[in-house]
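For reference, the chains in residue letters:
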Amino acid sequence: MKKKIHIVNHTHWDREWYFTTMDALLLSDQLFAHALDELKKNPEAKFTLDGQTSIVTDFLTVNPERKADIKNLVASGQLAIGPWYSQTDAFSIHEESYFRNLAIGISESRKLGGEMRVGYLPDTFGFNAQMPMILNAFGLDNMIFWRGFNLDKFTKTPYFKWKALGEHSVNAANMPGGYGAVVYMNASDDYIQGKLAQELERLEKRTDSAELLLTAGSDQTEIISDLPKIISEINEKLPDHDLIESSYEEFAAFLRAQKLPEYQGELREPVEIGRVHKTIGSVHYDIKRANFLVEQKLLKRVEPLMAIAKSLGIELSNEVLWKAWKKVLEGQAHDSMGGSVMDTVAIDILHRFKEADELADGMENYLAKRLAEKLSLTDKEVIVFNTSAKVFSGYKTIEFLAPSKKIALEGVSEQVLIDEEYFAGKDNILLVTPESRTYVNEAPYYHLSVLAKVELPAMGYKVFRLTETENELESLVLIEAAEAIISNDFYALRFENQKLSLKNQAGQVFHNILEFEDRANDGDTYDFSPLAGDKEILLKLELTSVEKSSLYQKMHLTGEFDLPYDLEDRAKTGKTGVLKLDVVLTLTKGSPRVDCSVSADNQILSHRLRVKINTGIASRESIASLPFGFIRRQAGKPAADWYKSYVEYPIDLEPFDKSVSVSSEAYHVTALAKGLKEYQLQAESLYLTLFASTGQLGKPNLAYRPGRASGDTTNQGHVMMPTPMAQLTGELDFEFA
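Residues numbered from 1 in each chain as written. Predicted model: local features only at pLDDT ≥ 70, side-chain atom pairs only at ≥ 80, totals over all residues. Heavy atoms only, no water.

**Q** What am I meant to see in the sheet that holds strand β22 (residues 499–504) here?
**A** The strands making up a sheet associate through backbone hydrogen bonding, with each pair oriented either parallel or antiparallel. Reading across from one edge, β20-β21-β22-β23 is the order of the 4 strands in this open sheet, with antiparallel pairing throughout. This sheet does not close on itself; its edge strands, each paired only once, are β20 (485–487) and β23 (509–510). With 6 bridges joining them, strand β21 (residues 491–496) and β22 adopt antiparallel strand pairing. Each residue of the ladder has a partner; that of Leu493, found in β22, is Leu502. (Pairing = 2+ DSSP bridges. Helix = DSSP H or I, 4+ residues; strand = E, 2+ residues; numbered from the N terminus.)

So, in structure tokens, the structure goes:
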């Protein structure tokens, strides 16, 4: 019986990478137009535009007259677009970003005739374990992908049922030969006996499925003209196979009727030809941090505030919100969010996040102002929002302007001034009223940040009145440096002999609980890789100050370190540079967290900085958050001959979403982070990567990634690309707890 081979003609379209979005737009102007013309000329032909609508809308900005052609070809089933807005990263973004990506992608696709009903992500660097659940939320019951799947360990076959952490599942098709398996397909004997035979053999030794999937396309490739005719000619030369021009939806329909083996878990195995870049979570921290901050602002502030305002009759267009999200999603494509891009692209990504952040600020300010007007608030009232779905009871930092520090929030029993900024008055300020334009003198004022114990309704707000007092608000008091201890009802932190210890409620003492570790990075914008002969350097901090109040206590540590300036200086005594660390540890009344903020002034190159949390727990298992769930992972060193099975070192540097925990029978330690994305469990220590810097887009023959350079920089016709921006020199801020 002949085997049916589904041939899908497609292009994989990176919007940016070692070229800019504008470069890609210019190329699409001709390439997409050619594809549309070919499909119109040949009604049997089909083409897939990479599963993302952003590239289609980009094309239509310069070719609006082709909209009718696209709609007609989508309606006829010849052209497949969507369902994603952009080809997303699967580990470094917020869980809700996946939903926004699919919601916007499907919405944009339906304006153009409808979306491809396939969870298609051909080049994403591995997948989190909840991807089936995310796809199911949009009615998608299948996924077609390349990277991260270990056939030998998982199912022995590329076609399987992939279960999420719960009961959600999709029918999944792995592409062992990648999305370019039979690129440049033609009917020559050399091609049939070479490339095509090789890929058929690769598949057929892995599965006895009656139907197989092969992809005829690659990065920025054109549609194959007259493919139905080429396939007909190939079939005459391959009597045991029946090649058909097909689509991903047709192959998904075939899988839907099959009984498939099951696999549950994440897909992060670097096997065969599919690298997953396991250490990409530490690259271009500036991009990951900017993304995190704008995601949080949109999800935790703007969207709930829009809902609260709407309940009071104040509306803001969803299109404005979508505009902000599109900017974010364009920066969340796998290469963009990973940071494996040239410097001009990094500038573009950060600028998009800046634009999204400005839109978010504008929406929030507009809604807050309209709500204040609707409630007729005076300058002696402060509105405080709770954008959570739960009632809030506890301590919240409230910011407001006041004429002096002799002021308090009325009816609040516990409040402490934790930060202030003084603004001198200004003369001749223009005041425009319905009656006149007059000039007034502005009195001096303060911007105050007050930590206060409050109760707030779920998805609601409370108005607090400002009242004048005889005395200034309680504030932080500077303690003699000799008293190097801060405490609350959960912990006492002591700094002594350049070491930080923590004592908990049970009286347990964790000695030297927090350290900072620096080492060389011989990798590139895809992967960290160690430098031969290099060793970790532990950085010793000094106590600067301790400040205390009844609600809030703060310890300030600093350090200035002369470190080898670049890789060659690590190998020998050479030039040095300076790394400055400014660390603030805080304890708040009623909080079981030790909050830590770190400001770094980085003036050295090609290195990795990590936080080392000495937990005292001898465990090989971590529990890490991922989108909509938690996953258990086992730490361990791969076998010495790992290179026989893997195309990159399968290191236990792992991604996490919000938190990672280690446990013993007696206690657990959880690390939480704002924008940090990588951890490692070793011995009794939990490491959080702050950043890894590098000066090359792609480098060959790394210790952790032997062979060719990633990013095509050593492919024929390509050049090595320096990335000085990825060295992350200058000021960097980090937050964890």
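Still more to cover.
**Q** Explain the sheet that holds strand β34 (residues 659–663) to me, please; I cannot follow it from the model alone.
**A** In space, the 4 strands of this open sheet follow the order β32-β31-β34-β35, with antiparallel pairing throughout. Edge strands, defined here as strands with exactly one partner in the open sheet, are β32 (629–634) and β35 (668–672). The sheet shows a mean angle of 20° between the axes of neighbouring strands, taken without regard to direction. Sheet analysis places strand β31 (residues 621–626) next to β32, joined by 6 bridges and oriented antiparallel. Looking across to β32, one finds that Ser622 is bridged to Arg633. (Axes fitted to C-alpha atoms, helices over the stretch in contact; angles between N-to-C directions.)

**Q** Teacher, can you tell me more about the pattern of salt bridges here?
**A** Opposite charge on two side chains allows them to pair when their charged atoms are near. For the structure on display, the rule yields 55 salt bridges. Glu16 is the salt-bridge partner of Arg352, the closest N and O atoms lying 2.5 Å from each other. Taken as a pair, Arg352 in helix α12 (residues 343–374) and Glu16 in the loop between β1 (3–9) and α1 (21–41) lie far apart in primary sequence, 336 residues in all. Glu16 matches Arg352 in its accessibility class, with the two residues each being buried. With its nearest N and O atoms 3.1 Å apart, the salt bridge here joins Glu233 to Lys229. Of this pair, Glu233 and Lys229 both sit in helix α7 (residues 227–237), 4 residues apart, which is roughly one turn of the helix. Judged by relative accessible area, which is 32%, Glu233 ranks as partly exposed. In the salt-bridge network here, residues are joined through shared partners; they are Asp152, Lys195, Glu199, Arg202, Arg206 and Glu272. (Salt bridge = Lys/Arg side-chain N within 4 Å of Asp/Glu carboxyl O. Buried < 20%, exposed > 50% of the residue type's maximum accessible area, 1.4 Å probe, protein only.)

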